[in-house]
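Structural description and commentary
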Protein chains: 2
Amino acid sequence: MKAAVLYSGGKDSSFMAVMLKRLGLDVELCTANFGVYDSYIPASKSAESLGFNHKVLDLDFEILDKTCDMIMNDGFPNDGIKFIHETVIEEVADRYDIIADGTRRDDRTPKLNINQIRSLEDRKNVQYINLDSFGHKSVKLITSNLFEISHEKSNKDNSSDYEVEIRTLIDEKGGNSLDIFPEHYQTRVIGYK
Amino acid sequence: MKAAVLYSGGKDSSFMAVMLKRLGLDVELCTANFGVYDSYIPASKSAESLGFNHKVLDLDFEILDKTCDMIMNDGFPNDGIKFIHETVIEEVADRYDIIADGTRRDDRTPKLNINQIRSLEDRKNVQYINLDSFGHKSVKLITSNLFEISHEKSNKDNSSDYEVEIRTLIDEKGGNSLDIFPEHYQTRVIGYK
């Protein structure tokens, strides 16, 4: 049984990948792409530095398009990010037996709640695993022991989360992604310690 | 920083111990005892078979006594088990930096909810880790790959969970523990695969 880890190259999804591998599962790292920008490249580099297979999931542009419309209407990203994450999980659930992501106990979005998890597992006959076991302090402690991590101002070329293609498409649609996603710093895993 | 895993010798707490060790933490297995019966012996054997240090935490008899009174009044164990687990965690939080237990996402009791976890972590300046990342199917899959596991009818000599001393004391108090805890089967980890 293969486990797909939704992978951005950041510390949380890298934590999940290493944890499942060390628990004996056959892990494949997956990054969603919607054809707007090759945002999977940083994740691909991180995956290689950790010795994992990395797969780009080419998903339907319509998913990204609907996400951007939601976010532009709302003026803030929460519901859109939640929608795109849930939709990606539904897609991946048709292709794998086990799906994992790097959402922590104290993440607010994009998180599946317990009822969504049960529904997903029952409807799709999959197992879902996240980082709910751990708070942010434990994740920080463990990942700083495991990984070399770079902290950089987030931009199109150092990040592989949904935000990169969302920003690109919002700007193409005439919106201003900087109003919606302010500048921030992010982690990228560049290898084991 | 040492991580204490509350340990019964079963598959869930063994899973937690191995997971944290493989993530690089310094793990010590701990079994609570209240002086009524040497119920820690099966856990001690399981810990040894997995190569972990095992510590018996000698806790106050009053905790067990109050637990048994709650359970005898209620006629069922849920609230008492929840009380004793929470009280043990509070005690352990004064002695370690990280506390972990084997409660899974779909366990009902004895589970700390998110508000209890936050309160514990803030008041005691500890990190708390459980098995909320995993549903019972994933726990079963992973532990059956990791461990040799025995399935036995639960009795005083093959179990180290709270139930053993609770049953002993309830019977001493003139109750009938078999009315409250019906016979059941349980897992005990006897080594790696």
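Look up: the structure comes first, before these words.
Just so you know, these numbers come straight off a predicted model, no measurement behind them.

Considerations on unusual backbone geometry
Residues and elements named next belong to chain A. Between T109 and the following residue, P110, the backbone shows a cis peptide bond with an omega angle of 0°. You can see P110 is positioned in the loop between β4 (98-104) and α5 (114-124). Here the phi dihedral of N125 falls at roughly 55°; this positive angle occurs in a residue that is not glycine. Looking at the secondary structure, you find N125 in the loop between α5 and β5 (127-131).

Notes on the relation of the copies chain B and chain A
The operation relating the pair of chain copies consists of a rotation about an axis and a translation along that axis. Turning chain B through 180° and shifting it by 0.0 Å along the axis lays it on chain A, with an RMSD of 0.0 Å. Within this description, the copies of the chain are treated as partners about a two-fold rotation axis. A shared interface surface links the copies, since 100% of the contact residues of chain B are contact residues in chain A too.

Considering the interface of chain B and chain A
Contact with chain B, which involves 26 residues of that partner, is made by 26 residues of chain A. At the boundary of chain B with chain A, total buried surface from both sides reaches about 2300 Å², with 58% on carbon and sulfur atoms. When residues of chain B are sorted by the area they lose upon contact with chain A, B:L23, B:R105 and B:S133 head the list and together hold 29% of the total. Linking chain B to chain A there are two salt bridges. Across the salt bridge formed by A:R105 and B:E121, the nearest N and O atoms sit 2.9 Å from each other. Applying the counting criterion to the chain B and chain A interface returns 12 residue pairs in polar contact (both at pLDDT 80 or more). Contributing elements (two or more residues each) for the side of chain B that touches chain A: α1 (11-22), α5 (114-124), β5 (127-131) and α6 (136-146) of chain B. A per-class count over the side of chain B that touches chain A returns 16 nonpolar, five polar and five charged.

Re the packing of aromatic side chains
Residues and elements named next belong to chain A. Per the stated rule, a full pass over the model turns up four aromatic pairs over all chains. Relative to Y192, the ring of F147 lies with its centre 6.2 Å away and its plane at 40°, an arrangement referred to as tilted. Here the residue F147 occupies a position in strand β6 (residues 147-153), and Y192 occupies one in strand β7 (residues 185-192), the gap between them amounting to 45 residues. For F147, a relative accessible area of 1% puts it in the buried group. Y192 sits in the partly exposed class, given a relative accessible area of 33%. Taking NZ or CZ as reference, K21 lies 5.0 Å from the ring centre of F52, over its face.

Section: the side chain of B:N158
All names here are of chain B. Topologically, N158 is positioned in the loop between β6 (147-153) and α7 (162-172). Among the polar contacts listed, one links the side chain of N158 to the backbone nitrogen of N155, at a separation of 2.9 Å. Contacts of N158, omitting those with residues within four sequence positions, involve P42, E152, K153, Q186 and R188.

Here's the deal with the nonpolar core
Core analysis: the biggest nonpolar cluster contains 54 residues, and A:M19, A:L20, A:F134, B:M19, B:L20 and B:F134 have the highest contact counts within it. If near-sequence neighbours (up to four positions away) are discounted, A:F134 is found in contact with A:F15, A:M19, A:R104, A:R105, A:V139, A:I142, B:M19, B:L20, B:L23, B:I129 and B:S133.

Let's talk about the sheet that holds strand β1 (residues 2-6) of chain A
Consider a sheet: its strands pair through backbone hydrogen bonds, and that pairing is either parallel or antiparallel. Residues and elements named next belong to chain A. Strand order in the open sheet made by the five strands is β3-β2-β1-β4-β5, with parallel pairing throughout. Looking at strand neighbours, the two that pair on one side only are β3 (54-58) and β5, the edges of this open sheet. Recorded for the sheet is a direction-independent mean angle of 30° between the axes of neighbouring strands. Across four bridges, β4 lies against β5 in parallel orientation. Bridge assignment links I99 to a residue of β5, and that residue is Y128.

Some words on the environment of A:K140
Residue and element names in this part refer to chain A. Looking at the secondary structure, you find K140 in helix α6 (residues 136-146). When its relative accessible area of 58% is taken as the criterion, K140 is described as exposed. Along the primary structure K140 and V5 are separated by 135 residues, whereas in three dimensions their C-alpha atoms are 19 Å apart.

What counts, and where the lines are drawn
- Residues numbered from 1 in each chain as written.
- Chains lettered and ligands numbered in written order.
- Predicted model: local features only at pLDDT ≥ 70, side-chain atom pairs only at ≥ 80, totals over all residues.
- Heavy atoms only, no water.
- Helix = DSSP H or I, 4+ residues; strand = E, 2+ residues; numbered from the N terminus.
- Least-squares fit on C-alpha atoms with pLDDT ≥ 70 in both.
- Contact = heavy atoms within 4.5 Å.
- Buried area = accessible area lost by both parts, 1.4 Å probe.
- Salt bridge = Lys/Arg side-chain N within 4 Å of Asp/Glu carboxyl O.
- Polar contact = N/O pair within 3.5 Å; in protein donor to acceptor, adjacent residues only side chain to side chain.
- Nonpolar A, V, L, I, M, F, W, Y, C, P; charged D, E, K, R; others polar.
- Phe/Tyr/Trp six-rings, centres within 6.5 Å; stacked < 30°, edge-to-face > 60°.
- Buried < 20%, exposed > 50% of the residue type's maximum accessible area, 1.4 Å probe, protein only.
- Lys NZ or Arg CZ within 6 Å of the ring centre and 35° of its normal.
- Core = buried A, V, L, I, M, F, W, Y, C linked by side-chain atoms within 4.5 Å.
- Pairing = 2+ DSSP bridges.
- Axes fitted to C-alpha atoms, helices over the stretch in contact; angles between N-to-C directions.

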